[in-house]
Amino acid sequence: MTSATGKEALRQSLFPGGIPRLWCPLLTHYDDGGNIDLPRMKAHFHHISPWVRGFLIPGTTGDGWTLDDGETETVVRFALDMARENDSRILIGVLRNDTENVLGLMDRIFGILTEVTGRKEPLAVFREARVAGFTVCAPKGKDLGQEEILRSLFRVADKGLPTALYQLPQVTENEIAPDTFDRLCRSFGNILFFKDSSGGDRVARSAREREGIFFVRGAEGNYCHWLLEAGGPYDGFLLSTANCFAPELAAVIESTERGDISSASEFSEAVTAVFGEVSGLVSGIPSGNAFTNANKAMDHFFARGRKAPANRGPVLHGGLRIPGEILEKTGEILLRAGFLPERGYLEPALEGKE
């Protein structure tokens, strides 16, 4: 098959109903002991799933770079359960700093997929598991040249499994150049996605090899101007803020599709402003990253409503809690912007335990 033909065949097989335009890198929640809290994650997943039909688990916002292999397996198994329960689609983040660890983790997770589905043929495994592919970055290193990045990603793509490329220079300290991207996509029909969180958007703006590849933007802010219908280079979004503002981001997409750029801009500006303020609040927390910490601070209120200030702050990977003074200011920002709910999505469950 040609590269384009292979991509189209994979897309039709993995996405019989079409590719979702809004994706979320789901938060990983922890209990008081620092262990992964799957019931909490399930409640959050169900809260946003009416608007989000595609998930990256674990993504950067879900601590994918810091989870060990055992923790990664835990959240992957959770993702597979949720995908089958909700008929969602999952991208599995294989976020490691070097190629050998990426390849090893891919093999481990593929073994889980075959176990869960009872199938062995790769396409059947991914289709039955509702997994859209493995998400990988360039290897880490600020001095890596494009040829070395290309060799690494060739090894990953050469496994022949559905693959998403993830541009994240904030972690990798380098970027996949447009020419490197084009060479990869000309060579492999199994590269289906490209996510760019760099904020530079160089690949999406200049890529020649777009056919059969779904481009999603991961950088936050001014969302409506980046979609194809508004003259932008992206098919959709894969955004950390979908953890908290899924209805608003879905409305940005729907309004832009209708050509109602004015309404799309209103939703876009509201989310941009709130996320910017809360990101500033959490910038000094010495654990996690700003995307994770800002969304955990806001999700604390969406989960518990106006009772949230009475609860201890959410736990981050490693056991640190978000401080109460940051939560207090986060609640004030959400209230001022009209986003603070009276009741949270966890409240019925919490009341049942009292």
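Because the structure is a prediction, the values reported are computed rather than measured. (Residues numbered from 1 in each chain as written. Predicted model: local features only at pLDDT ≥ 70, side-chain atom pairs only at ≥ 80, totals over all residues. Heavy atoms only, no water.)

(A) The pattern of salt bridges, seen in detail. Inspection of every chain in the model, using the stated rule, returns 26 salt bridges. Residue R119 pairs with E128 through a salt bridge whose shortest N-O separation is 2.6 Å. Judged by relative accessible area, which is 37%, E128 ranks as partly exposed. Through salt bridges that share partners, D69, E73, R77, R96, R108 and E115 make up one connected network. (Salt bridge = Lys/Arg side-chain N within 4 Å of Asp/Glu carboxyl O. Buried < 20%, exposed > 50% of the residue type's maximum accessible area, 1.4 Å probe, protein only.)

(B) Quick peek at the packing of helix α11 (residues 261-282) against helix α12 (residues 290-304). For the pair α11 and α12, interaxial distance at closest approach is 9 Å and the crossing angle is 110°. The orientation of α11 with respect to α12, classified from their angle, is roughly perpendicular. Residues V274, F275, V278, S279 and V282 of α11 form the contact with α12, whose participating residues are A290, F291, N293, A294, N295, A297 and M298. For the contact of α11 with α12, the per-class residue count stands at nine nonpolar, three polar and no charged. (Axes fitted to C-alpha atoms, helices over the stretch in contact; angles between N-to-C directions. Helix = DSSP H or I, 4+ residues; strand = E, 2+ residues; numbered from the N terminus. Parallel < 35°, antiparallel > 145°, perpendicular 65-115°, else oblique. Contact = heavy atoms within 4.5 Å. Nonpolar A, V, L, I, M, F, W, Y, C, P; charged D, E, K, R; others polar.)

(C) Summary view of the packing of aromatic side chains. Taken as a whole and assessed by the stated rule, the structure comprises 17 aromatic pairs. Plain terms: the ring middles of F15 and W23 are 6.4 Å apart, the flat faces sit at 75° to each other, and that makes the pair edge-to-face. Owing to a relative accessible area of 5%, F15 belongs among the buried residues under this scheme. Arranged with centres 4.9 Å apart and planes meeting at 65°, the rings of F181 and F194 form a pair that is edge-to-face. Taken together, the residues F181 in helix α8 (residues 178-187) and F194 in strand β6 (residues 191-196) connect sequence positions 13 residues apart. The same class applies to F181 and to F194, which are both buried. By way of ring pairs, the aromatic residues F15, W23, F193 and F214 are connected into one cluster. A cation sits over an aromatic face here: R217 above W226, 3.7 Å from the ring centre. (Phe/Tyr/Trp six-rings, centres within 6.5 Å; stacked < 30°, edge-to-face > 60°. Lys NZ or Arg CZ within 6 Å of the ring centre and 35° of its normal.)

(D) Seen up close, unusual backbone geometry. Geometrically, the link from I57 to P58 is a cis peptide bond, its omega value of -10° lying close to zero. You can see P58 is positioned in the loop between β2 (54-57) and α3 (69-86). Within the chain, R130 stands out as a residue other than glycine whose phi angle is a positive 60°. Assessed through its relative accessible area of 25%, R130 is described here as partly exposed. Even without being a glycine, E173 presents a positive backbone phi close to 70°. A relative accessible area of 41% means that E173 is categorised as partly exposed.

(E) Geometry of the environment of R155. Of note, R155 is situated in helix α6 (residues 146-157). As for R155 and E100, which are separated by 55 residues in sequence, their C-alpha atoms are 9.6 Å apart. For R155, the residues in contact, after removing those within four places along its chain, are T99, E100 and L103. Side chain to side chain, R155 and E100 meet in a polar contact 2.8 Å long. (Polar contact = N/O pair within 3.5 Å; in protein donor to acceptor, adjacent residues only side chain to side chain.)

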